[in-house]
Amino acid sequence: MHRFTPALLITLTTFGLALATPAPTATAQAATWHKGTPKIIRGKWRGTTHKVKQIHYQGHADLLIKAKSITNNPALPPRDPDYSTKLHYKKTGKKTYTIKGRQYNNASAKGVKITFKIKVYSHHKLHFKIMHDGRTDNNGIFHRA
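Heads up: these notes are all about the structure in this document.

## Some thoughts on a positive patch on the surface
- On the surface, a cluster of positive charge is made up of Lys 91, Lys 94, Lys 95 and Lys 119.
- Looking at the secondary structure, you find Lys 95 in the loop between β5 (82-91) and β6 (96-103).
- A residue is classified by how much of its surface remains accessible, and Lys 95, at 40% relative accessible area, is partly exposed.

## Concerning the environment of Ser 122
- Residue placement: Ser 122 occurs in strand β7 (residues 112-122).
- Under the relative-accessibility criterion, Ser 122 is labelled partly exposed at 32%.
- Distance in space between the C-alpha atoms of Ser 122 and Lys 95 is 9.2 Å, their sequence separation being 27 residues.

## Brief notes about the nonpolar core
- The biggest cluster of nonpolar side chains holds 19 residues, and the ones touching the most others in it are Ile 99, Phe 116 and Phe 128.
- Sorting the residues of this core by element identifies β3 (57-65), β5, β6, β7 and β8 (125-130) as the ones contributing at least two each.
- For this core, the leading source of residues is β7, giving four residues.
- The residues touching Phe 128, leaving out its near neighbours within four places in the chain, are Leu 63, Phe 116, Lys 117, Ile 118, Asn 138, Asn 139, Gly 140 and Phe 142.

## Looking at the side chain of Thr 37
- Topologically, Thr 37 is positioned in the loop between β1 (34-35) and β2 (43-52).
- Residue class for Thr 37 comes out buried when judged on its relative accessible area of 1%.
- Here Thr 37 is in contact with Arg 42, Ile 65, Lys 66, Ala 67, Ile 70, Leu 87, Tyr 89 and Ile 99, once residues within four sequence places are set aside.

## Describing the pattern of salt bridges
- Inspection of the entire model under this criterion finds one salt bridge.
- Here Arg 46 and Asp 62 are joined by a salt bridge, their closest N and O atoms 3.6 Å apart. Here the residue Arg 46 occupies a position in strand β2, and Asp 62 occupies one in strand β3, the gap between them amounting to 16 residues.

Rules behind the numbers
Residues numbered from 1 in each chain as written. Predicted model: local features only at pLDDT ≥ 70, side-chain atom pairs only at ≥ 80, totals over all residues. Heavy atoms only, no water. Patch = residues over 30% accessible without salt bridge, like charges linked within 9 Å, V, L, I, M, F, W, Y side chains within 5 Å. Areas by Shrake-Rupley, 256 points an atom, 1.4 Å probe, with all protein chains shown as cover. Salt bridge = Lys/Arg side-chain N within 4 Å of Asp/Glu carboxyl O. Lys, Arg positive; Asp, Glu negative; His and termini not counted. Charge placed at Lys NZ, Arg CZ, Asp CG, Glu CD. Helix = DSSP H or I, 4+ residues; strand = E, 2+ residues; numbered from the N terminus. Buried < 20%, exposed > 50% of the residue type's maximum accessible area, 1.4 Å probe, protein only. Core = buried A, V, L, I, M, F, W, Y, C linked by side-chain atoms within 4.5 Å. Contact = heavy atoms within 4.5 Å.

Read these as spatial facts, not as claims about activity.
Written out as structure tokens, the structure is:
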């Protein structure tokens, strides 16, 4: 029969507790990129009306956000729609999303990189902004159409 000395008993107990205790997990993780667009922003959206007195024109921007694409029509002429695909998004705030993708309208075969920032106010209202875009009629408040 084996005799357990107090030192051996303490060593075995410590070793057993070390095996039974799970490894600590990281509590803070960076936001991850997901394919496509967030479900909350998908659908048809209509922007606020823009008026141009010099040419007697008024119009509104339109958005069509699908699972894997975004089509946006600017409010003012020329109203050529921009089509973006290969989208990835990440949540950058409580209700704020950054979406990156590529536009192939009048671009090379590889397309042009594009970034959108979207702030969701409610299920029926959001703020849409195209980063590094010179046109201001593409950006602003949109309501679900």
